[in-house]
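Reading the structure
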Amino acid sequence: MNALNPAATRVAPHDTAKFKWLLQREYWENRGGFFWAPLITGVIIVGLNLILAVIGSIAARRSMGSSGFVFNEEDPHQVGQALGAMGDGMLLVGVLLACIVLAFVVFFYSLGSLYDDRRDRSILFWKSLPVSDSQMVLSKAAWALVLAPLVAIGVGLLIGVALWVITALTITLNGMPAAHAVFTQSHPMKIIGGVLASVPVYMVWALPTVGWLMFCSAWARSKPFLWAVLIPVLGCVVISMLTILPGVDIAHDKVWYTLVYRGLLSVIPGGWFPATSGVVDPTMEINTPNELANAVDLTRSWHAFATADLWIGAVVGVAFIAAAIRLRRWRDEA
């Protein structure tokens with residue numbers, strides 16, 4: 001009987017396949033923020049950098065004559081180190097630009113992730129599908145915490161390589177010695193490895209902000225931005241004003257750090273460095289650009305895993321995400 005009925009033998013998709021489909025759906029619905037926003041920003045910056053390089057080269061040649069730049073070559077090794085550090089700097093600038101865009105994208109994506117479905121009533125369609133609320137919410141959290149940073153890093157490295165090449169061409173065309181050092185004396189694999197090593201730290205560090213924003217997105221009936229931002233900010237203002245009263249001693253700086261910095265700004269990549277030992281090794285002596293490049297160690301991000309701050313925030317973030325799942329499942333939208 002079942003052999004004659006194809007519908008009876010149809011196998012339901014596995015949960016892994018459902019989750020993969022949800023991830024693809026999130027990308028196609030939000031690719032403007034995840035991919036095009038950092039890419040367009042990068043194209044603009046690269047274009048401006050190219051224009052400035054051309055203008056700077058023309059102005060420099062007019063002021064110094066057709067022979068180009070003249071340098072004291074008594075220490076070509078130090079010149080090479082400086083150019084190598086410049087190459088590293090271009091790569092980091094590209095990643096930094098993409099990370100700045102990432103902070104805005106993740107903030108507003110998390111804030112609207114569950115509210116937008118309720119606003120346009122598409123939540124009724126998604127609830128009719130064989131997809132659980134947990135899978136739906138976790139797919140959005142996965143994009144905010146893991147996949148969006150990886151896309152931003154990829155785009156940022158493309159921007160950095162473009163700036164890197166423009167810098168090398170500008171130096172070469174202007175007759176600077178050891179122009180090849182921009183490539184040979186730089187440390188691209190160290191930069192890439194350090195940036196990728198920061199992703200697990202970002203995933204855990206950003207949990208309280210992403211969790212809080214998703215909770216507000218699931219809870220607020222309207223204007224989730226006002227609820228998500230005004231509640232912690234006004235709370236900090238009120239607590240700070242209470243310190244004016246005699247006999248009231250509140251560490252309001254810690255309140256602002258907890259509610260605003262960790263609660264709202266943890267989506268900013270690298271926000272854990274001020275709370276840890278920083279990005280530069282304080283034990284290293286820095287006298288040359290090469291020593292500076294060696295001192296900048298992005299893998300020091302992992303020192304954040306040794307702080308209670310990171311883990312307490314992670315627990316709070318997971319609790320908010322769990323509450324968002326429950327709100328999405330049980331809230332009466334009537």
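Residues numbered from 1 in each chain as written. Predicted model: local features only at pLDDT ≥ 70, side-chain atom pairs only at ≥ 80, totals over all residues. Heavy atoms only, no water.

Let's shift gears to the confidence of the model for the protein. Residues of the protein with pLDDT of at least 70 account for 81%, and the chain-wide mean is 83. When pLDDT is averaged over each helix and strand of the protein, the minimum, 48, is found for helix H1 (residues 6–9) and the maximum, 96, for helix H9 (residues 207–219). (pLDDT = per-residue confidence, 0-100. Helix = DSSP H or I, 4+ residues; strand = E, 2+ residues; numbered from the N terminus.)

Looking at the element boundaries, Ile166 is found in helix H6 (residues 133–173). Along the sequence, Ile166 and Met90 sit 76 residues apart, while their C-alpha atoms lie 9.5 Å from each other. The contacts of Ile166, once residues within four sequence positions are left out, are Val46, Asn49, Leu50 and Ala53. (Contact = heavy atoms within 4.5 Å.)

Although it is not a glycine, Lys223 sits at a positive phi angle of roughly 50 degrees. Mapped onto the elements of the fold, Lys223 is located in the loop between H9 and helix H10 (224–242).

The end-to-end C-alpha distance of H10, which contains 19 residues, comes to 27 Å, matching closely the 27 Å that a straight helix rising 1.5 Å per residue would cover. Where H10 bends most, the angle comes to about 30 degrees, and this point is Leu230, followed within four residues by the proline Pro232. Residues Pro224, Ala228, Val229, Pro232, Cys236 and Ser240 constitute the buried set of H10. (Expected span 1.5 Å × (residues − 1). Bend = angle between axes of the 7 residues up to and from the residue. Buried < 20%, exposed > 50% of the residue type's maximum accessible area, 1.4 Å probe, protein only.)

Another point: the packing of aromatic side chains. This model, assessed by the stated rule, comprises 18 aromatic pairs. Summarising the aromatic geometry, the rings of Phe107 and Phe108 are spaced 5.2 Å apart at their centres and angled 70 degrees between planes, so their arrangement reads as edge-to-face. Phe107 gets classed as buried once you look at its relative accessible area, which sits at 12%. With a centroid separation of 5.0 Å and 55 degrees between ring planes, the pair formed by Trp164 and Phe183 is classed as tilted. Of the two residues, Trp164 is situated in helix H6 and Phe183 in helix H7 (residues 181–184); the sequence distance between them amounts to 19 residues. Here the aromatic cluster, defined as three or more aromatic residues joined through ring pairs, consists of Tyr27, Trp28, Phe34, Tyr109 and Trp143. One cation-aromatic arrangement involves Arg262 over Trp205; the distance from NZ or CZ to the ring centre is 3.7 Å. (Phe/Tyr/Trp six-rings, centres within 6.5 Å; stacked < 30°, edge-to-face > 60°. Lys NZ or Arg CZ within 6 Å of the ring centre and 35° of its normal.)

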